[in-house]
Each structure stands twice: as structure tokens, then as C-alpha cells.
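The primary structure of each chain is shown beneath.
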Amino acid sequence: MIYTVGGIKGGSGKTTLATNLAVYLIQQGRDVILVDADDQESATDFTSFRHQTLDGEIGYTAVKITGRELNAHVTRLATKCDDVVIDTGGRDTVSQRSAITVSDVYLVPFAPRSLDIWTLRKVENLIAEIIPFNPRLVCLTFINKADARGNYKEDTSDLLRESTVLQFLDTSIGNRISFANAASSGLGVIENKPTDEKAINEMKELYEGIRKALVNKDKGDKTTT
Ligand SMILES: Nc1ncnc2c1ncn2[C@@H]1O[C@H](COP(=O)(O)OP(=O)(O)O)[C@@H](O)[C@H]1O
Ligand SMILES: [Mg+2]
């Protein structure tokens, strides 16, 4: 499976979700390659912290690839592992476009309050341009950094639910200090101590949501062909 975590907004939690997904997958016994496709190199920083924390036993292969040919490199890498997770930058870049032309899943997190309708439309337009080149792409969106209180989450959910291009996963990730703490040691929340069961559960539900969307897509393909 090739997963790209993207969108065109900084700070929505792309790197947090990409790195947590990579860690979640290796915990399932999968052979994972984490691709840093962002010039800011936050995923690479995460891996460096991880290297120190785990004495080199990071559990996945980390590479840095940007630019137009990213898709060719990723296609080749995907033959050598179970899953590729690509972390992209917060803009509409050549790297992000290249990544989604070869991905199975495009994951777009949104933080409540920061979401405006134009950002969503821009992501939808970006997808519309890429889909002809990659019709099997499953585009999923969900809320990251959900606050325990307030209506922001519901307002943002309603907005995302209306999208006809992105499928909304109703499995939001909370605004939890454990995500930030774990990241500063290069760990996923699933590995971090003290254990944050709620955060781990959210990651698990997100992953199940992704799996379900992929299975449904597969079924849809089989009934239409
Ligand atoms: N679910 C979350 N709970 C708490 N903090 C989060 C969460 N997701 C992201 N963050 C924090 O928000 C900041 C931006 O997240 P990051 O993953 O780097 O975003 P992006 O890659 O989209 O720019 C980081 O400091 C990160 O630790
Ligand atoms: Mg990032």
C-alpha cells in the first residue's frame, strides 16, 4: 500500500499522522518505508530523534525524496516493502502531486478552526486533476487536533462531510499532548510511555477506517467492472 499524507495547509498534523501511521504499520509486523517529501524535513527529524531514542533500531527505512520523479522512485520502492508512507509539505508542490499519482490512499487531515472552505476546494481541485492519472486513488479526510470542548469539531465535520471528492472518516484524532511528546522522542503514540490509551485507540480507529474505505473501494471496483 502506498499512503500519502498531504493537503495544502501547514500545521494540520501531516507529519504527526504520517510518522504515527508508519509506526503503527511496523507494529503490525509490516515492512515500511517512510518517504520524506517535504523540504522542511520534519519526518527526517522525527527519524533522527527515533534513532537516538531506540539506539538505531528504528524499525522502518527512511528516505528523503522530492521533485518530479518522486513517483518513479516510490513505485520502485513499493516493490521492496509492504507499505510506503509519504509525508508531504503544506503546499501544492510538485512532490505532493507526484506522490499522489502513485498512491493508493491520500490522507488529508484538517485541524478544526483552521479549515476554510477555500483550502478544501483547493485540495478537491488538486485531486480532480490527478484522478485521471490515478483512478484507483482513495481520498480520505479526517479531523486532527480535535478539542474535547467546543463546536468547532462538529462545524468542521459538517464541512468535510459535504465533500464529494474526499471521503470523510468520522474517526477524529484528538488534540493530545502525547502526540507532541511522543514525536519529540521520535516515537509513535503506540510506543510512548506513559501510555495514552485514548490516543492509541484513535490511531487504531483511524487505521481501521482507512482499511474499510479501501475494502469498499475494492468491492465497488469489482461490481462496476
Ligand atoms: N493530534 C495532535 N495533538 C497534539 N498536537 C498535535 C497533534 N497533531 C499535530 N500536533 C502538533 O502540531 C504541530 C504541527 O504538526 P505537524 O504534524 O508538524 O503538522 P504538518 O506536518 O501538517 O505541518 C506539531 O507541533 C505537532 O506536535
Ligand atoms: Mg510536516
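Residues numbered from 1 in each chain as written. Chains lettered and ligands numbered in written order. Predicted model: local features only at pLDDT ≥ 70, side-chain atom pairs only at ≥ 80, totals over all residues. Heavy atoms only, no water.

If you check an unreviewed UniProt entry, the chain appears there as Chromosome partitioning protein from Spirosoma endophyticum.

(A) The overall build of the chain, seen in detail. Each helix and strand counted, the chain has 8 helices and 7 strands in total. Taking 2.2 N^0.38 as the reference for a compact globule, 225 residues should give roughly 17 Å; the C-alpha atoms of the chain span a radius of gyration of 16 Å, in line with that estimate. Overall size of the chain, expressed as C-alpha extent along the three principal axes, is 45 × 45 × 35 Å. Across the 225 residues that make up the chain, the buried fraction comes to 50%. Of the contacts made within the chain by residues no fewer than 6 positions apart, 79% connect residues no fewer than 24 positions apart. (Helix = DSSP H or I, 4+ residues; strand = E, 2+ residues; numbered from the N terminus. Rg over C-alpha atoms; globule rule 2.2 N^0.38 Å. Buried < 20%, exposed > 50% of the residue type's maximum accessible area, 1.4 Å probe, protein only. Contact = heavy atoms within 4.5 Å.)

(B) Spotlight on the environment of D45. Relative to the assigned elements, D45 resides in helix α2 (residues 42-53). Linking D45 and A183, residues 138 residues apart in sequence, is a C-alpha distance of 9.5 Å.

(C) Here's a closer look at the environment of L107. Checked against the element boundaries, L107 lands in strand β5 (residues 105-110). As a C-alpha pair, L107 and L214 span 107 residues in sequence and 12 Å in three-dimensional space. Apart from residues no more than four positions distant in its own chain, L107 is found in contact with T4, V5, G6, L21, L140, F142 and I210.

(D) View of the site of ligand 1. Near ligand 1, the surroundings consist of 15 residues, among which G11, K14, T16, N144 and G174 are the closest. Within the backbone of G11, a nitrogen or oxygen atom sits 2.8 Å from an oxygen atom of ligand 1. Within the backbone of R176, a nitrogen or oxygen atom sits 2.9 Å from a nitrogen atom of ligand 1. For ligand 1, whose accessible area on its own is 550 Å², the fraction buried by protein is 74%. Those elements that place two or more of their residues in the shell around ligand 1 are α1 (14-27) and α7 (177-184). No other element matches α1, which puts 3 residues into the shell around ligand 1. Taken together, the residues of the shell around ligand 1 break down into 3 nonpolar, 9 polar and 3 charged. (Near = heavy atom within 4 Å. Polar contact = N/O pair within 3.5 Å; in protein donor to acceptor, adjacent residues only side chain to side chain. Areas by Shrake-Rupley, 256 points an atom, 1.4 Å probe, with all protein chains shown as cover. Nonpolar A, V, L, I, M, F, W, Y, C, P; charged D, E, K, R; others polar.)

(E) Representation of the pattern of salt bridges in the model. Counted according to the given criterion, the structure contains 11 salt bridges. The partner of E191 in a salt bridge is R50, and the shortest N-O contact between them spans 2.8 Å. Pair noted here: E191 is in the loop between α7 and α8 (197-224) and R50 is in helix α2, with a separation of 141 residues, a long-range link. As far as burial versus exposure is concerned, E191 and R50 are alike and both buried. The partner of R136 in a salt bridge is D104, and the shortest N-O contact between them spans 2.3 Å. Taken together, the residues span a long stretch of sequence, with R136 in the loop between α5 (117-130) and β6 (138-143) and D104 in the loop between α4 (94-101) and β5 at a distance of 32 residues. Ionic contacts of the salt-bridge type, sharing partners, join the residues D39, E41 and K64 into one network. (Salt bridge = Lys/Arg side-chain N within 4 Å of Asp/Glu carboxyl O.)

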